[in-house]
Amino acid sequence: MGRLVGLSLLGIALALLGERLLALRNRLKASREVESVDLPNCHLIKGIEAGADDIDILPNGLAFLSVGLKCPGLHSFSPDKPGGILMMDLKKENPRALELRISRGFNLASFNPHGISTFIDNDDTVYLFVVNHPEFKNTVEIFKFEEEENSLLHLKTIKHELLPSVNDIIAVGPAHFYATNDHYFSDPFLKYLETYLNLHWANVVYYSPNEVKVVAEGFDAANGINISPDKKYIYVADILAHEIHVLERHPNMNLTQLKVLKLDTLVDNLSIDPSSGDILVGCHPNGQKLFIYDPNNPPSSEVLRIQNILSEKPTVTTVYANNGSVLQGSSVASVYDRKLLIGTLYHRALYCEL
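Residues numbered from 1 in each chain as written. Predicted model: local features only at pLDDT ≥ 70, side-chain atom pairs only at ≥ 80, totals over all residues. Heavy atoms only, no water.

### Notes on the UniProt feature "active site" (unreviewed entry) in the protein chain
Phase 1: As recorded in UniProt, the feature "active site" (unreviewed entry) lies at His114.
Phase 2: Along the chain, the position of His114 falls in strand S7 (residues 113–120).
Phase 3: Discounting residues that sit within four places of it in the chain, His114 has contacts with Asp53, Asp54, Ser66, Leu69, Val131, His133, Val166 and Asn167. (UniProt positions renumbered as here; feature names shortened; annotations may be inferred. Helix = DSSP H or I, 4+ residues; strand = E, 2+ residues; numbered from the N terminus. Contact = heavy atoms within 4.5 Å.)

Okay, here's the thing in C-alpha cells:
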C-alpha cells in the first residue's frame, strides 16, 4: 500500500512538472519564427558589440544607451568587460556612440546597467536613473548629466527591500520613480523556481525619499515600464505573459489597472514616440532562443508600434523583424525625428533613418 501511494505521488509530481514545462515553452513562444520586415537606410552602430538593453532620448535629441548587461545564465559577447552608458546626438547627420565618463568614486568595475530613464527638472537639470546589478545585486543609481563635459556625476545609490529584482525604471521626479521587479525573489535559484511555477509574484514599486510602496502586482514577469505623454498612465510590459498593462496614476502615486493589451510575442522595453504618443516595443519573438543561445540558430528581433492604446481596438504594426542574421534579441526601440535606434539584450544595435 505504501509503495502504491509513493508511486501515485511520484506520478502526480511528474505530471505537474511536465505540465509546467509545457506551459513554460508556451510562455517562451519556443516554436515561433518571424518573417523579415526590413527597413531601408539602416546600419549597425559602431562600438556596440555586447548589447544595448535600454535607450532613452531627451527632447533635444541626445540619446542615452545602457550597454553591456550581464545576467546569470544569459549569454554575453563580452563577459569580462564592465557595462557603461553611451550617448548619441541624433541631431547630427552621422551620429556616433560615445561613452560618457562617470565621476570618480563610482565603482566602474562592477557597473552592470539595465533599464534607464531620464528626468528633466524645472531648472533644466537632467538626471539619469540607471538600474544597476553590481555583482548581480540590485540598486538604482542616480546621476546628473553634465553635457559640456559629456559626463555623469554620480549622486546617489538606492537599495531597498522592495527592490529585490529590478528590471526597468521610469523617473517621475529628481529622486522619484516607478520600477518593475521581474521577480519577487533575488536569489537566482528561487527566481528560476518562481518562473517555472508561474507564480505571478512580480510587481511595480513606487519610490520616493519619503515613501516606498508596491503599487501594482500580479505580473508574470514585469519588464519594461514607461509613462504616457500626459503623465496620466503608466505602461508596463509583462514579458512572459505577452501583455502590455495600462495603469492609471492617482495623486497618491498608486496605480489601478485600466486595460491589458495581449500580443503574440515577448514584450521587453517600452518607448514613447514624442511626435505621436505611440508606444514602440522591443520584442523577443522566441524566448527559448534568447535564453538558450545557439550561434547557428540565434534569437530573432521584432519591433512593434502600438497606436491609440487607450482605444477599444489599438492598432499594432510590425516596424522591424529579423531572424537574427542582422540583429539578435531586440529589447528596445526608440525614435527621434524619424531616426530609429534598436537595441538588444546582448548583441549589436541598429540605427535607421525612417
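### Observations regarding the packing of aromatic side chains
Phase 1: The full count for this structure, using the stated rule, is 13 aromatic pairs.
Phase 2: With centroids separated by 5.1 Å and ring planes inclined at 90 degrees, the aromatic side chains of Tyr184 and Phe185 adopt a geometry described as edge-to-face.
Phase 3: By relative accessible area, Tyr184 is classed as partly exposed at 46%.
Phase 4: Cluster of aromatic residues (ring-pair linked, three or more members): Phe77, Tyr293 and Tyr346. (Phe/Tyr/Trp six-rings, centres within 6.5 Å; stacked < 30°, edge-to-face > 60°. Buried < 20%, exposed > 50% of the residue type's maximum accessible area, 1.4 Å probe, protein only.)

### A look at the pattern of salt bridges
Phase 1: This structure, assessed with the given rule, holds 12 salt bridges.
Phase 2: Between Glu302 and Arg32 there is a salt bridge, with the nearest N and O atoms lying 3.1 Å from each other. Taken as a pair, Glu302 in strand S21 (residues 301–307) and Arg32 in the loop between helix H1 (2–27) and strand S1 (42–44) lie far apart in primary sequence, 270 residues in all. The two residues Glu302 and Arg32 agree in class, both being buried.
Phase 3: Sharing partners across several salt bridges, the network here consists of Lys29, Arg32, Asp264 and Glu302. (Salt bridge = Lys/Arg side-chain N within 4 Å of Asp/Glu carboxyl O.)

### Description of a nonpolar patch on the surface
Phase 1: Residues Phe189, Leu190, Leu193 and Leu197 make up a contiguous nonpolar surface patch of about 340 Å² in total accessible area.
Phase 2: The topology assignment puts Leu190 in helix H2 (residues 188–197). (Patch = residues over 30% accessible without salt bridge, like charges linked within 9 Å, V, L, I, M, F, W, Y side chains within 5 Å. Areas by Shrake-Rupley, 256 points an atom, 1.4 Å probe, with all protein chains shown as cover.)

### Points about the side chain of Ser151
Phase 1: Within the element layout of this structure, Ser151 appears in strand S10 (residues 151–158).
Phase 2: Residue contacts for Ser151: discarding those within four places in its chain leaves Leu100, Arg101, Lys144, Phe145 and Glu146.

### Side note on the environment of Thr195
Phase 1: Within the secondary structure, Thr195 is located in helix H2.
Phase 2: On the basis of relative accessible area, Thr195 is assigned to the buried category, the value being 18%.
Phase 3: In the structure, Thr195 is positioned 13 residues away from Asp182 in sequence and 9.6 Å away in space, judged by C-alpha atoms.
Phase 4: Residue contacts for Thr195: discarding those within four places in its chain leaves Leu24, Arg27, His183 and Leu240.

### Digging into the state of the cysteines
Phase 1: One pass over the structure, following the stated rule, counts one disulfide.
Phase 2: Cys42 shares a disulfide with Cys352; S-S distance 2.0 Å. As the torsion about the S-S bond is roughly 115 degrees, the Cys42-Cys352 disulfide counts as right-handed. With Cys42 in strand S1 and Cys352 in strand S25 (residues 350–353), this residue pair connects regions lying 310 residues apart in the sequence.
Phase 3: Judged by its relative accessible area of 29%, Cys42 falls in the partly exposed class.
Phase 4: Relative accessible area serves as the criterion here: at 0%, Cys352 is assigned to the buried category.
Phase 5: Looking at the unpaired Cys71, the closest cysteine sulfur is the one in Cys283, lying at 18 Å.
Phase 6: Judged by its relative accessible area of 25%, Cys71 is partly exposed.
Phase 7: A residue is classified by how much of its surface remains accessible, and Cys283, at 0% relative accessible area, is buried. (Disulfide = S-S within 2.5 Å.)

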